[in-house]
Amino acid sequence: MSSRIVSPPPATDVQRAGPSSSGRGRKDALALGVLGSLHAERHGSPVGLGGPKQRAVLAMLVAAHPHSVSLDRIVDEIWEAHPPRVVESSIHAYVSNLRSVLAAPIVRSGGAYRLHIDPLAIDANRFATKVERALGLIGSNPLRSGTMLRSALSLWRGQPYTGFESLPVIAREVRRLEALWLMALDGRITTDLALGRHAVVMGELESLVEDHPLHEGFCAHLMVALYRCGRQADALRVYHTARRHLVEQVGLDPHPGLQQLEMQILTHDPALLVSPQLGDARSKRIPSERS
């Protein structure tokens, strides 16, 4: 993405409790958290994950789950060009330690390892599942959808895989999660607008548009919120600023949906008033970011 991810809001007391506080309700199950620093719990209690390289091995296995990670890839990504002579023995020892502390199978097949656990033991997978379900309800039940998206977004404790973002296999997963986070946030704001909460989300939208100037969905949301608050000129100013950024940075005109929204604001289209269908229909026409 061309602009930075906005940091999630400060963790609540529930979020600080760690992965098992996500609502799975199973204190006897393994819970792995990667939506922030790498964290594990067993029986509801934190699990020590060892030193940086052992933690890096676990992070790679979680990011690749349910697929395997080859021994060669682990060596290349963690040690790069300077692996020690005993690197394979070190990795085997790390995996053995992780099996013990997690009480979870790490399967070795040929020259690769695979973490064999319930996908929903990983907070990133629970997040993705909740977001998919919630986005499907935006048009029919924005109140329920918004509640579900807030629940999903509350799983984030900070930057995913903090400290391991430079490892290629993890960097790809971080990009996927960040894109999904933006989608979830865009969806949650869509539900807020559909429910008439334009004044409530105004400040948040102004910050999001500043941090993501090429995100046409956020620009559209801010334009609608400003218009509904009686600030037509400011709404049009947001459009012209977005157009300038798009032309100068990626050589594109605004999406047709954003252009249509400008015309609706200019003509005081009654369709811009609070409507449960408004945000959903617009979010399908206007993409997030283009490059």
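Since the model is a prediction, treat every value here as computed from it, not as a measurement.

(A) Representation of the overall build of the chain within the structure. Within the chain, the regular secondary structure consists of 12 helices and 6 strands. Expressed as a percentage of the 291 residues in the chain, the buried residues total 49%. For the chain, the accessible area works out to roughly 13600 Å², and carbon and sulfur atoms hold 53% of it.

(B) Structural view of the sheet that holds strand 2 (residues 39-42). Judged by pairing direction, the sheet is antiparallel, and its 3 strands sit side by side in the order 1-2-3 without closing on themselves. Only two strands of the sheet have a single neighbouring strand rather than two, namely strand 1 (31-33) and strand 3 (45-46).

(C) Quick peek at the pattern of salt bridges. Counted under the stated rule, the structure contains 10 salt bridges. The partner of Arg 176 in a salt bridge is Glu 173, with the nearest N and O atoms 2.8 Å apart. Placement of the pair is Arg 176 and Glu 173 together in helix 7 (residues 168-194), with a separation of 3 residues, close to one helical turn. Judged by relative accessible area, which is 12%, Glu 173 ranks as buried. In this structure, a network of salt bridges that share partners links the residues Arg 150, Arg 188, Asp 192, Arg 197 and Glu 204.

(D) Region of the structure containing helix 8 (residues 198-211). The end-to-end C-alpha distance of helix 8, which contains 14 residues, comes to 19 Å, matching closely the 20 Å that a straight helix rising 1.5 Å per residue would cover. Glu 204 marks where helix 8 bends most, by close to 35°. Residues His 198, Val 201, Met 202, Leu 205, Leu 208, Val 209 and Asp 211 constitute the buried set of helix 8. Where helix 8 is buried, its residues meet helix 7 and helix 9 (216-228).

(E) Structural view of unusual backbone geometry. The omega torsion across His 65 and Pro 66 is 10°, close enough to zero to call that bond cis. With respect to the secondary-structure elements, Pro 66 resides in the loop between helix 2 (52-64) and strand 4 (69-70). For Ala 103, which is not glycine, the phi dihedral falls at a positive 50°. Not every positive phi belongs to a glycine, and Tyr 161 is a case in point at roughly 55°. Within the secondary structure, Tyr 161 is located in the loop between helix 6 (142-153) and helix 7.

(F) Helix 2, seen in detail. The end-to-end C-alpha separation of helix 2 is 18 Å, in line with the 18 Å expected for 13 residues at 1.5 Å each. For helix 2, the buried fraction is high: 10 of the 13 residues fall into the buried class.

(G) Structural context of the nonpolar core. Formed by 83 residues in total, the largest nonpolar core has its most connected members in Leu 32, Ile 74, Ile 91, Leu 102, Phe 127, Tyr 161 and Ile 170. The element best represented in this core is helix 7, accounting for 11 residues. If sequence neighbours within four positions are ignored, Phe 127 has contacts with Leu 35, Ala 152, Leu 153, Leu 155, Trp 156, Leu 177, Leu 180, Trp 181 and Ala 184.

(H) Focus on the packing of helix 2 against helix 3 (residues 71-79). Contact geometry of helix 2 with helix 3 gives a least axis separation of 11 Å together with a crossing angle of 125°. As summarised for this structure, helix 2 and helix 3 are arranged oblique, according to the angle between their axes. As helix 2 runs across helix 3, the sense of the crossing is right-handed. Across from Lys 53, Ala 56, Val 57 and Met 60 in helix 2, the residues of helix 3 making contact are Arg 73, Ile 74, Glu 77, Ile 78 and Trp 79. Grouping the constituent residues of the contact of helix 2 with helix 3 by class yields 6 nonpolar, no polar and 3 charged.

(I) Quick look at the environment of Arg 228. Mapped onto the elements of the fold, Arg 228 is located in helix 9. C-alpha of Arg 228 to C-alpha of His 198: the two residues are 30 residues apart in sequence and 7.1 Å apart in space. A polar atom in the side chain of Arg 228 sits 2.8 Å from the backbone oxygen of Leu 272.

(J) Structural detail: the sheet that holds strand 6 (residues 112-115). Taking strand neighbours across the sheet as the criterion, the 3 strands line up as 4-6-5 in an open arrangement whose pairing is antiparallel. With one partner strand each, in any of the chains shown, strand 4 and strand 5 (106-109) form the two edges of the open sheet. Against the sheet, helix 2 makes contact with strand 4, strand 5 and strand 6, and its axis sits at roughly 70° relative to strand 6, the strand it touches most. Contacting strand 5 and strand 6, helix 4 (residues 87-102) crosses the sheet at an angle of about 145° to strand 5.

About the criteria used
- Residues numbered from 1 in each chain as written.
- Predicted model: local features only at pLDDT ≥ 70, side-chain atom pairs only at ≥ 80, totals over all residues.
- Heavy atoms only, no water.
- Helix = DSSP H or I, 4+ residues; strand = E, 2+ residues; numbered from the N terminus.
- Buried < 20%, exposed > 50% of the residue type's maximum accessible area, 1.4 Å probe, protein only.
- Areas by Shrake-Rupley, 256 points an atom, 1.4 Å probe, with all protein chains shown as cover.
- Pairing = 2+ DSSP bridges.
- Salt bridge = Lys/Arg side-chain N within 4 Å of Asp/Glu carboxyl O.
- Expected span 1.5 Å × (residues − 1).
- Bend = angle between axes of the 7 residues up to and from the residue.
- Contact = heavy atoms within 4.5 Å.
- Core = buried A, V, L, I, M, F, W, Y, C linked by side-chain atoms within 4.5 Å.
- Axes fitted to C-alpha atoms, helices over the stretch in contact; angles between N-to-C directions.
- Parallel < 35°, antiparallel > 145°, perpendicular 65-115°, else oblique.
- Left-handed = near helix turned anticlockwise from the far one by under 90°.
- Nonpolar A, V, L, I, M, F, W, Y, C, P; charged D, E, K, R; others polar.
- Polar contact = N/O pair within 3.5 Å; in protein donor to acceptor, adjacent residues only side chain to side chain.

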